[in-house]
Amino acid sequence: MTRGTLRIYLGAAPGVGKTYAMLAEARRRLERDTDVVVGYVEHHARPRTEELMAGLEEVPRRHLEHRGRVLAEMDVDAILRRAPQSALVDELAHTNAPGSRNPKRWQDVEELLRAGIDVVSTVNIQHLESLGDVVESITGVRQQETVPDEVVRRADQIELVDMSPQALRRRMAHGNIYPPDRVDAALSHWFRPGNLTALRELALLWTADRADEYLQQYRADHRISAAWQARERIVVGLTGGPEGRTLIRRAARMAAKASGSEILAVHIVRSDGLVSGSAKELAVQRTLVEDLGGTFHSVVGDEVPGALLDFARGVNATQIVLGSSRRKTWQYAFGPGVGATVARESDDIDVHIVTHEQAAKGRGLPASRGAGLGRSRVVAGWLTGVAGPALLTVLLDQWHPGPGQSTDMLLFLTMTVAAALVGGLWPALASALLGSLLLNFFFTAPTHSFTIAEPENIIAIMIFVVVGVAVASVVDLAARRTQQAARLRAEAEILSHLAGSVLRGENTAEALLERVRETFGMESAVLLERSAGHGPWTRAAGVGSHPCLRPEDADVEVAVNDRLTLALTGRVLPAADRRVLSAFAAQTAVVLDRERLAGEAARARELAEGNRIRTALLAAVSHDLRTPLAGIKASVSSLRSEDVAWSPQDEAELLAGIEDGADRLDHLVGNLLDMSRLQTGTVTPLIRVVDVDEVVPMALVGVPENSVALDVPETLPMVAVDPGLLERAVANIVENAVKYSPDGQKVLVAASALGDRVEVRVVDRGPGVPDAAKEHIFEPFQRYGDAPRGTGVGLGLAVARGFLEAVGGTLQAEDTPGGGLTMVLTLPAAAGAPPVHDRREKTHAPGPRGR
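A brief report on the enclosed structure follows.

What counts as what
- Residues numbered from 1 in each chain as written.
- Predicted model: local features only at pLDDT ≥ 70, side-chain atom pairs only at ≥ 80, totals over all residues.
- Heavy atoms only, no water.
- 1 Å grid on protein atoms, 1.4 Å probe; cavity = no way out; pocket = protein on both sides within 12 Å on 5 of 7 lines; lining within 4 Å.
- Points joined across faces, edges and corners; volume = space filled by probe spheres on them.
- Nonpolar A, V, L, I, M, F, W, Y, C, P; charged D, E, K, R; others polar.
- Helix = DSSP H or I, 4+ residues; strand = E, 2+ residues; numbered from the N terminus.
- Pairing = 2+ DSSP bridges.
- Axes fitted to C-alpha atoms, helices over the stretch in contact; angles between N-to-C directions.
- Contact = heavy atoms within 4.5 Å.
- Salt bridge = Lys/Arg side-chain N within 4 Å of Asp/Glu carboxyl O.
- Buried < 20%, exposed > 50% of the residue type's maximum accessible area, 1.4 Å probe, protein only.
- Phe/Tyr/Trp six-rings, centres within 6.5 Å; stacked < 30°, edge-to-face > 60°.
- Lys NZ or Arg CZ within 6 Å of the ring centre and 35° of its normal.
- Core = buried A, V, L, I, M, F, W, Y, C linked by side-chain atoms within 4.5 Å.
- Parallel < 35°, antiparallel > 145°, perpendicular 65-115°, else oblique.
- Left-handed = near helix turned anticlockwise from the far one by under 90°.

1. Topic: empty space enclosed by the protein
For the coordinates displayed, the defined rule picks out 3 cavities of 30 Å³ or more. The space that makes up the largest cavity amounts to roughly 70 Å³. As for the largest cavity, its lining consists of Arg62, Glu73, Met74, Asp75, Val76, Asp77, Asn96, Ser100, Arg101, Asn102 and Asp108. Looking at the lining of the largest cavity residue by residue, the classes come out as 2 nonpolar, 3 polar and 6 charged. If you add up the space inside the second largest cavity, you get close to 50 Å³. In terms of lining, the second largest cavity is formed by Ala12, Ala13, Val16, Met163, Pro165, Leu168, Leu196 and Arg200. Taken together, the elements giving at least two residues each to the lining of the second largest cavity come down to helix H7 (165-173) and helix H9 (193-221). Per-class residue counts for the lining of the second largest cavity are 7 nonpolar, no polar and 1 charged.

2. Considerations on the sheet that holds strand S24 (residues 821-828)
Taken in spatial order, the 5 strands make up an open sheet running S19-S21-S22-S24-S23, and their pairing is mixed. In this open sheet, the two strands that pair with only one neighbour each are strand S19 (708-711) and strand S23 (810-815). Sheet twist, expressed as the average angle between the axes of neighbouring strands with direction ignored, equals 20°. Relative to S24, strand S22 (residues 757-763) runs antiparallel, the two being bridged by 7 bridges. Its bridge partner lying in S24, Arg757 is registered against Pro828. Across the sheet, helix H23 (residues 723-740) lies against S19, strand S21 (747-754), S22, S23 and S24, angled at about 170° from S24, the strand it touches most.

3. Focus on the pattern of salt bridges
One pass over the structure, following the stated rule, counts 22 salt bridges. In this structure, the salt-bridge partner of Glu58 is Arg61, at a minimum N-O distance of 3.8 Å. Across the pair Glu110 and Arg154 runs a salt bridge, and its minimum N-O distance is 3.4 Å. Here Glu110 is found in helix H4 (residues 105-114), whereas its partner Arg154 is found in the loop between helix H6 (149-153) and strand S8 (157-161), with 44 residues between them in sequence. By relative accessible area, Glu110 is classed as buried at 10%. Classification of Arg154 by relative accessible area gives partly exposed; the value is 43%.

4. Points about the sheet that holds strand S11 (residues 295-300)
Pairing within the open sheet is parallel, and its 5 strands lie in the order S11-S10-S9-S12-S13. Edge positions in the sheet fall to S11 and strand S13 (350-354), since each has one partner strand and no second. Across the sheet, the axes of successive neighbouring strands diverge by a mean angle of 25°, strand direction being ignored. As paired strands, strand S10 (residues 262-269) and S11 are joined by 6 bridges and run parallel to one another. Within S11, the position partnered with His267 by the bridge is Ser298. Against the sheet, helix H12 (residues 304-314) touches strand S9 (233-238), S10, S11 and strand S12 (319-323), its axis set at about 150° to S10.

5. Quick word on the packing of aromatic side chains
Centre-to-centre distance and the angle between the planes together describe a pair of aromatic rings. In this structure the tally under the stated criterion is 0 aromatic pairs. Lying across the ring of Tyr40, Arg105 places its NZ or CZ 3.9 Å from the centre.

6. Things to note about the nonpolar core
Judged by nonpolar contacts, the single largest core of 61 residues is most densely connected at Leu88, Ile125, Val147 and Phe191. At 5 residues, the largest contribution of residues to this core is made by H9. Discounting residues that sit within four places of it in the chain, Phe191 has contacts with Pro14, Leu168, Arg169, Met172, Tyr178, Ala186 and Leu196. In terms of nonpolar packing, the next biggest core, distinct from the first, is built from 44 residues, Ala731, Val734, Leu797 and Leu811 among them.

7. Quick look at the side chain of Asn195
Here Asn195 is to be found in helix H9. If we ignore the near neighbours within four places in the chain, the residues touching Asn195 are Ile138, Thr139, His189 and Trp190.

8. Some points on the packing of helix H22 (residues 692-699) against H23
Remark: H22 packs on H23, axes separated minimally by 8 Å, with the N-to-C direction vectors making an angle of 50°. Comparing their axes, H23 and H22 come out oblique. Crossing angle aside, the handedness with which H22 passes H23 is right-handed. Judged by residue contacts, Val695, Val696, Met698 and Ala699 of H22 engage Pro723, Leu726, Glu727, Val730 and Ala731 from H23. By residue class, the composition of the contact of H22 with H23 is 8 nonpolar, no polar and 1 charged.

This is how it looks when you write it as structure tokens:
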């Protein structure tokens, strides 16, 4: 079945004319012979709206009773049965009355759309879920009825119904929106000019964003790469250099001149993952861009001008802002530069070259290539590059007649390669220069002189120097790329493990901090937090010895956000390690927030459960408490009446009724108090070693005579429990079993030993309980099979399980073979308690006891 289409009329506030526009659309469809019905339209007694509704078929509404009021809601089933081509559904964000088919009206609309019915609906901008906080900050009112943005975004058509704030207030003053008694309050609160102007701007911007999505989709579908200057989009090219902040601020000033402009900062990253810019400076620039309302993007590309232009065309940019080149004049001999290339190939995109303080000052000398190899390797490299050629010269000088000049050159070249492998580029260059001098002095005729007799030897030595330098550069570069790749792989493995463990929920904040401390070899790692921008720091989580209490006292500190900072002590980390450390810090903050949210959710569940129990308690005791009280009062009033002469038999029956009612009250209040103790966690068991055959028979006092068969051997191990709690638990379980057992069928109470546990089984032959309901019968205020109120409030099994768990036992329900239900109580046996060597089987027939 083809899905129906959704058309939404969006407005900034009530009264702008959404419903009127929707009804006008319905009239137009009727003129085109479209089958249109009114599913739900609220005309608010507005005359012109009522006029448009006249003649439209309206599906009768469904009436529901809620809290003494009858509410009219849209009848989804009736519309589906009617199966029109189009349906009008007003107020998309409306919350349906309890008992409706769906909780929200937008869910009703989804059903109509899935059934192939076109829907025309309305919604106000303040009801969009993502704008709830913004609307509350503007109007001071939190919207309770919201609709997910995605529902509105998926609409096939969105039409903005706009009206100026002044015109809307005039409509309000004329009584065209609200009744006269509500006009003054509305104009002085929600319908203030500032509120309406802000809401109107929200509606316009949201609709513009939606239109921009349509435009981007259209350009992608039709493969249009040329920029359409529908709105200003300014792309700022960042290199990671200090000039980036100047470029961002310049772009912000340009964007401020055209309302609705966007700033998109982009940094081109090489495909090998090696970033030439400063990671710290890029982080600062990213924060600056976001503070100015822009967005930051990283794009992979080895050819910077092409990658930058591809990005700009992809986002339909209208302007590109670049900084003046930092290259020296002589460096232009190698090419025109990024700025000139982008300006030449930008076509219809304007390119702005912004001057700055770093222009033409050069990019600075690269860091020493040996710095990353460690001091020992650098020293070994210099020894190899200097001492190696000298030692080789001594050996070759002692070798007569010698291998020949070509072989000598290859041997010296080998020393140059070895120096590059060990110590990097500079030791290799020194080795090449020293080797060329030694070759000239000792092995090139005339020897022991820097004079060269044959011209071909000059060429040979020059080639040696060039080849040595080239080979040294290539070997050095390969070694460094290998080292960098190994480091990046290690970082990737660490981050992958970190992300996987967090996603699996295996880590706490302390566990992540411990991993940070171990990974970077620190003494302590602590996550510091403060509530306000300048408030005191407090410790949110930490591991290690002597953690610092302020970021200023740390050897390394990484700011997560305005209120969280990761502080480490032990040593100062190199800048290369801070990239991974920042990822750890961010993940630790996420885990901390997740732990707190989980705690708040648990507390919310406890509150909800408490509210549910209190509600059920009030509902239960409203009848179960009043019924025996009413019976007692009636019996006492009858006995005290002087108008009737009661016979001794009648008095005995009335007194028995009073006693029975008092027993029921005692049992009810006892269970309520027990459940209250369990809910508040105030059950404190007094554990001692007892015999099961001493406690269980005492629990059977109060059940009907000849209703229980007891099989508790005296050879059982003793158990470590609270005798009082165990007695109450067994009594509740047996009473429940007797209640559901057929007449003439005894309930069996049997006990046996299983390893270090003692098992007590209460077996009945009643109707049993399905597997799906076995756990529900242990919840408070649950009566299996909707038992009548007079049978209790459904606390017996809940109290029994709570008491057994308090003493370290368990209570489970099983099916009785042949039909019925078996309650299995498992109790911990006392350590080292000797059993009593006697066995007996009893059939218990106790007298009644008030419970």
